[in-house]
Amino acid sequence: MSTIRDDLKYTQDHEWISAEGNIGKIGVSDFAQESLGDVTFVELPEVGASFAKGDAFGVVESVKAASDLYLPVSGTVVEVNEALEDTPELINSSPYDDGWIVKIELEEPSQVDELLSPTAYKGLI
Amino acid sequence: MSEIKNIPLRAFHEEKSARFVPFAGWNMPVQYTSIIQEHIAVRERVGLFDVSHMGEVILTGSESVAFLNYLLTNDFFDLEVGASRYSMMCEPNGMVVDDLIVYRLDEEEFLICVNASNAEKDFAWMVQHSEGFDVNLEDQSRDWVLLAIQGPQSESFLNPIAAMDLSALERFHHQKAILAEVELWFSRTGYTGEDGFELFIPSEKAEVVATAIAERAEQQGLNDFYCGLGCRDSLRLEAGYPLYGHEISDVIDPITAGLGWTVKLGKSSDFLGKSALQKIKDEKPSRRVKFYKLNDRRIARQGESIWSGEDEIGEVLSGTHSPILQCAIGSAIVDSGRLGDPSMEVRLRGKSIGLTWVKPPVHLSK
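Residues numbered from 1 in each chain as written. Chains lettered and ligands numbered in written order. Predicted model: local features only at pLDDT ≥ 70, side-chain atom pairs only at ≥ 80, totals over all residues. Heavy atoms only, no water.

*Asks:* Please clarify how helix 2 (residues 35-44) of chain B should be interpreted in this entry.
*Replies:* At 3.6 residues per turn, the α-helix brings residues three or four places apart onto the same side. Counting buried residues in helix 2 of chain B gives seven out of 10 residues, a clear majority hidden from the surface. Residues Ile35, Ile36, Glu38, His39, Ala41, Val42 and Arg43 of chain B constitute the buried set of helix 2 of chain B. (Buried < 20%, exposed > 50% of the residue type's maximum accessible area, 1.4 Å probe, protein only. Helix = DSSP H or I, 4+ residues; strand = E, 2+ residues; numbered from the N terminus.)

Below, the structure written as structure tokens:
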């Protein structure tokens, strides 16, 4: 069974976000990492890059396939998880903690409220 | 489309938490824990694969050897009872129908192990070309469970539960012996680039054998012992072994694929594809299959172009991640005249990535 954390918001594409003030931290769900299998590479965006809600901001690649990562909300990248460059498997071992992918400055913090609740996401998978 | 088949030991693998995927008409275990962990277990210790989807054809009759020499590219005149040999089965135009292993079980009895994806086509091909030979062919694909024990510890793992001394069994040799009171064929063959054994077990008795193997693995405290098709592919690609439909196919002949050693043009019989393959060899193939590693973790997948400057000089045939080298590796078909070009690359999602040709085993390259 996949773990779904209660303190996060989710998307239909299996990303999660946690927001504190105007900063959002984003990763992929436990269900996503299980479906992907062993992650071998993560393509990270440049710090300072801006994306609209739903834009592809990176790629997560496994032995099986390469999958786009979609930004749950609009914003500008303020930090990327550089540990993923050498240890992409953190996405498998710790999808909600050490395997976070980017932090963004939220353009419209209210967009977070529109995302799926843990219960709604559970219904989806 | 015929119905998808289940392997005889499906319940056994479900109990070991296998994840199944449809492959070549069969529901097959693709992974149990992690493709990378299973891969490393086989390189460092020992792992078990169920490859019962593979096809088995039994050939008997007084002209079996003559038939094999006509049907296949390798030379079977000197294949002894108890030995096996890898070969191509080619069309008259030299392209590959399938690659296979022939086991000589007795003077006039052979087991031919073929790819699952080609099993029906292969059997029809063999029957079609057996006309005029005193032979009998029987498709026994559903009668055998095939378990592969692979890895440097294979012999020490299996020896205590096998009623024979496996250390005396040489590579590409087989012998009938008992395991868990079941008589089966032990063959020292595999598809991983490691030492290992393949066990041909009568399907109805396979569960007893699998259970004995599982108990031994538990006693030994082995981790990641159960291995799926996922790591079978990454292991064979690191080892530089071809997979039908990728490095050899109905458009890639064995000479082009670098498997000329399986084509015995000098043997004392005609064979299917001989004149075409002789011509390809004499004229030198215009393209070659080669193995490479990338200077990156991004995987170049089948069909991706290979570039030398602004020239497209080849195409990726197989690509994966090497858990040993921790970079992307693969195979490609490339214009022969461009193999010596100073720098080649693939372009993945807007990034140019340098490619280096390596002689297999890829994972042992510096």
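*Asks:* Please explain the sheet that holds strand 12 (residues 182-187) of chain B as it appears in this structure.
*Replies:* Backbone hydrogen bonds hold the strands of a sheet together, and the pairing may be parallel or antiparallel. Within the open sheet, the six strands sit side by side as 11-12-13-10-4-14 (chain B). Their pairing is mixed. Looking at strand neighbours, the two that pair on one side only are strand 11 (174-179) and strand 14 (226-227) of chain B, the edges of this open sheet. (Pairing = 2+ DSSP bridges.)

*Asks:* Just to check I follow, could you spell out empty space enclosed by the protein for this structure?
*Replies:* It is the rolling of a water-molecule-sized probe over the atoms that shows where space remains empty. Residues and elements named next belong to chain B. By the definition in use, this model includes one cavity of 30 Å³ or more. Volume-wise, the largest cavity comes out at about 30 Å³. Around the largest cavity sit Tyr103, Leu105, Leu111, His174, Trp185 and Phe200, which together line it. Among the residues making up the lining of the largest cavity, the classes are represented as five nonpolar, one polar and no charged. Taken domain by domain, the lining of the largest cavity gets at least three of its residues from each of domain 1 (5-53 + 143-237) and domain 2 (55-124). (1 Å grid on protein atoms, 1.4 Å probe; cavity = no way out; pocket = protein on both sides within 12 Å on 5 of 7 lines; lining within 4 Å. Points joined across faces, edges and corners; volume = space filled by probe spheres on them. Nonpolar A, V, L, I, M, F, W, Y, C, P; charged D, E, K, R; others polar. Domains from an automatic or database assignment.)

*Asks:* Sorry, what's going on with the pairing of strand 7 (residues 96-106) of chain B here?
*Replies:* Residues and elements named next belong to chain B. Of all 11 residues that make up strand 7, 10 are buried, and the element is covered over most of its length. Direction of pairing for strand 6 (residues 84-90) relative to strand 7: antiparallel, over a ladder of seven bridges. What sits directly across from Ser87, in strand 7, is Leu100. Counting the residues in the hairpin turn of strand 6 and strand 7 gives five residues, including Gly94, whose phi is positive at 90°. Taken together, the six bridges between strand 7 and strand 8 (residues 109-114) define a ladder with antiparallel strand orientation. Paired with Arg104 across the strands is Phe110, a residue of strand 8. In this structure, the hairpin formed by strand 7 and strand 8 is closed by a connection of two residues.

*Asks:* Which parts of the structure should I look at to understand the packing of helix 2 of chain B against helix 7 (residues 229-239) of chain B?
*Replies:* The description of two packed helices rests on the angle between their axes and on the distance between the axes. Residues and elements named next belong to chain B. Look at helix 2 against helix 7: their axes get within 8 Å of each other, and the N-to-C directions meet at 55°. Classified by the interaxial angle, the pair formed by helix 2 and helix 7 is oblique. Pair helix 2 / helix 7 crosses with right-handed handedness. Across from Ile35, Glu38, His39, Val42 and Arg43 in helix 2, the residues of helix 7 making contact are Gly230, Cys231, Ser234, Leu235, Glu238 and Ala239. (Axes fitted to C-alpha atoms, helices over the stretch in contact; angles between N-to-C directions. Parallel < 35°, antiparallel > 145°, perpendicular 65-115°, else oblique. Left-handed = near helix turned anticlockwise from the far one by under 90°. Contact = heavy atoms within 4.5 Å.)

*Asks:* Teacher, can you tell me more about the interface of chain B and chain A here?
*Replies:* Reports often express the size of an interface as the amount of accessible area lost when the parts come together. Taken together, the contact pairs 13 residues of chain B with 16 residues of chain A. Summed over both partners, the interface of chain B with chain A comes to about 1300 Å²; 44% of that surface belongs to carbon and sulfur atoms. The largest per-residue losses of area from chain B upon contact with chain A belong to Arg297, Arg301 and Arg349 of chain B, which jointly make up 46% of the total buried on that side. In this structure, the connection of chain B to chain A is made through four salt bridges. Glu43 of chain A is the partner of Arg349 of chain B in a salt bridge, and the nearest nitrogen-oxygen pair spans 3.1 Å. On inspection of chain B and its partner chain A, the count reaches 13 residue pairs in polar contact (both at pLDDT 80 or more). Elements with a contribution of two residues or more to the side of chain B that touches chain A: helix 2 and strand 17 (311-322) of chain B. A class-by-class count of the residues in the side of chain B that touches chain A yields three nonpolar, four polar and six charged. (Buried area = accessible area lost by both parts, 1.4 Å probe. Salt bridge = Lys/Arg side-chain N within 4 Å of Asp/Glu carboxyl O. Polar contact = N/O pair within 3.5 Å; in protein donor to acceptor, adjacent residues only side chain to side chain.)

*Asks:* Looking at this structure, I do not really get the environment of His53 of chain B. What am I missing?
*Replies:* Residues and elements named next belong to chain B. Considering the arrangement of structural elements, one finds His53 in the loop between strand 4 (47-50) and strand 5 (55-60). Overall, the relative accessible area of 5% leaves His53 in the buried class. Separated by 205 residues in the primary sequence, His53 and Gly258 place their C-alpha atoms 27 Å from one another. Residues contacting His53, with those up to four places away along its chain left out, are Ile7, Phe23, Trp26, Met28, Ala116 and Leu229.

*Asks:* Is there a simple way to explain unusual backbone geometry in this structure?
*Replies:* Excluding glycine, a negative phi dihedral is what most residues carry, and trans is how most peptide bonds are arranged. Residues and elements named next belong to chain B. The peptide bond linking Pro360 to Pro361 adopts the cis configuration, its omega dihedral lying at 0°. Even without being a glycine, Arg349 presents a positive backbone phi close to 50°. Considering the arrangement of structural elements, one finds Arg349 in the loop between strand 19 (344-348) and strand 20 (351-358). In this structure Arg349 comes out as partly exposed when scored by relative accessible area, which is 38%.

*Asks:* What should I look at first to understand the nonpolar core in this one?
*Replies:* Across soluble globular proteins, nonpolar side chains show a tendency to be buried alongside one another. Residues and elements named next belong to chain B. Judged by nonpolar contacts, the single largest core of 38 residues is most densely connected at Phe49, Phe200 and Leu277. Those elements that provide at least two residues to this core are helix 2, strand 6, strand 7, strand 8, strand 10 (144-150), helix 7 and helix 8 (274-283). The biggest single contributor to this core is strand 7, with four residues. Here Phe200 is in contact with Glu56, Tyr103, Leu111, Cys113, Trp144, Val145, Leu146, Leu184, Trp185 and Ser187, once residues within four sequence places are set aside. Of all hydrophobic cores here, the second largest spans 34 residues; its members include Ala18, Val46, Val145 and Leu169. (Core = buried A, V, L, I, M, F, W, Y, C linked by side-chain atoms within 4.5 Å.)

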